[in-house]
Amino acid sequence: MSSHRVLFTKEFKEEAVRLALTSDRQRQDIASDLGIGKSTLCRWVSQHRHSVQPDAVSDDKDKELALLRREVQLLKAERDLLKKATALFARESR
């Protein structure tokens, strides 16, 4: 019995990893559909996670944090405005 090793393109691996990370489907099902083993897919996902640059992750987290802080400021301003409006309407209804 001869064993042969199949070489996959970088694009194929990236698409497989994207599917594994974004799909609601089980990795076993994704791997089966792609004609690869589950362990191969899991290894590619692991390699992908380790290859992500820490600086890029930090930048993404910093951007998300800044966005969330702006959103909190906006929500607090809206809340304060609603409190003032409620107090004004309460005074007028007396």
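Treat the numbers as computed from the prediction; the structure is a model and nothing was measured.

Rules and cut-offs
- Residues numbered from 1 in each chain as written.
- Predicted model: local features only at pLDDT ≥ 70, side-chain atom pairs only at ≥ 80, totals over all residues.
- Heavy atoms only, no water.
- Axes fitted to C-alpha atoms, helices over the stretch in contact; angles between N-to-C directions.
- Helix = DSSP H or I, 4+ residues; strand = E, 2+ residues; numbered from the N terminus.
- Parallel < 35°, antiparallel > 145°, perpendicular 65-115°, else oblique.
- Contact = heavy atoms within 4.5 Å.
- Nonpolar A, V, L, I, M, F, W, Y, C, P; charged D, E, K, R; others polar.
- Salt bridge = Lys/Arg side-chain N within 4 Å of Asp/Glu carboxyl O.
- Buried < 20%, exposed > 50% of the residue type's maximum accessible area, 1.4 Å probe, protein only.

Moving on, we get to the packing of helix α1 (residues 10-22) against helix α3 (residues 38-51). Interaxial distance between α1 and α3 falls to 9 Å at its minimum, and their mutual angle equals 90 degrees. Relative to α3, the element α1 is oriented roughly perpendicular. Where α1 approaches α3, its residues Phe 12, Lys 13, Ala 16, Val 17, Ala 20 and Leu 21 are matched on the opposing element by Leu 41, Trp 44, Val 45, His 48 and Arg 49. Per-class residue counts for the contact of α1 with α3 are eight nonpolar, one polar and two charged.

Here we take up the pattern of salt bridges. Overall, the coordinates contain four salt bridges when judged by the stated rule. Two residues, Glu 14 and Lys 10, come together in a salt bridge whose shortest N-O distance is 3.9 Å. Here the residue Glu 14 and the residue Lys 10 both occupy positions in helix α1, the gap between them amounting to four residues, near one helical turn. You can call Glu 14 partly exposed: its relative accessible area is 45%. Accessibility expressed as a relative area gives 58% for Lys 10, which makes it exposed. The salt bridge involving Glu 15 is made with Arg 18; its shortest N-O contact spans 2.5 Å. Highlighted residues: Glu 15 and Arg 18, both in helix α1, separated by three residues, approximately one helical turn. On the accessibility criterion, Arg 18 (40% relative accessible area) is partly exposed.

None of this, on its own, says anything about what the molecule does.
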